[in-house]
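# What the coordinates show
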Amino acid sequence: MNRWLSFEDASIDINPLTAVFSAQLLVTGPRVNGQRMDVFSGRRLVRDGLILTAIVIPAAAPAVLTRGGRSGYAAV
């Protein structure tokens, strides 16, 4: 489910002494790798009049191919 968030849809805490922030969705978050995502943590950088932020969400583990089946390989 893709949707735009408004300012009222998330609560963000910023640590002014470090480059770390956390965000909690106040609406139903997306499912990533079968898990509901509603809390995120990330880092920020303020430099040259810009504010850059980044959050990393791990990708699903790749399927392991094993020999077998008609095609010769099966994902497990």
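Everything discussed here concerns the structure shown above.
Notes on the structure follow. These numbers were taken from a predicted model, which means no experiment stands behind them. (Residues numbered from 1 in each chain as written. Predicted model: local features only at pLDDT ≥ 70, side-chain atom pairs only at ≥ 80, totals over all residues. Heavy atoms only, no water.)

### Considering the overall build of the protein chain
- Looking only at helices and strands, one finds zero helices and eight strands in the protein chain.
- Traced from its N-terminal end to its C-terminal end, the protein chain shows the element sequence β-β-β-β-β-β-β-β.
- Residues classed as buried in the protein chain amount to 12% of the 76 residues present.
- Sequence-distant contacts in the protein chain: of pairs separated by 6 or more residues, those separated by 24 or more amount to 18%.
- With the model as given, the accessible surface of the protein chain reaches about 6700 Å², and the carbon-plus-sulfur share is 59%. (Helix = DSSP H or I, 4+ residues; strand = E, 2+ residues; numbered from the N terminus. Buried < 20%, exposed > 50% of the residue type's maximum accessible area, 1.4 Å probe, protein only. Contact = heavy atoms within 4.5 Å. Areas by Shrake-Rupley, 256 points an atom, 1.4 Å probe, with all protein chains shown as cover.)

### Examining the sheet that holds strand S6 (residues 50-55)
- Judged by pairing direction, the sheet is antiparallel, and its four strands sit side by side in the order S1-S2-S5-S6 without closing on themselves. Only two strands of the sheet have a single partner each, and these edge strands are strand S1 (10-14) and S6. Taken pair by pair, the neighbouring strands of this sheet meet at an average axis angle of 30°, ignoring direction.
- Both strand S5 (residues 39-47) and S6 contribute to a ladder of six bridges, which runs antiparallel. Bridge pairing links Arg47 to Leu50 in S6. (Pairing = 2+ DSSP bridges. Axes fitted to C-alpha atoms, helices over the stretch in contact; angles between N-to-C directions.)

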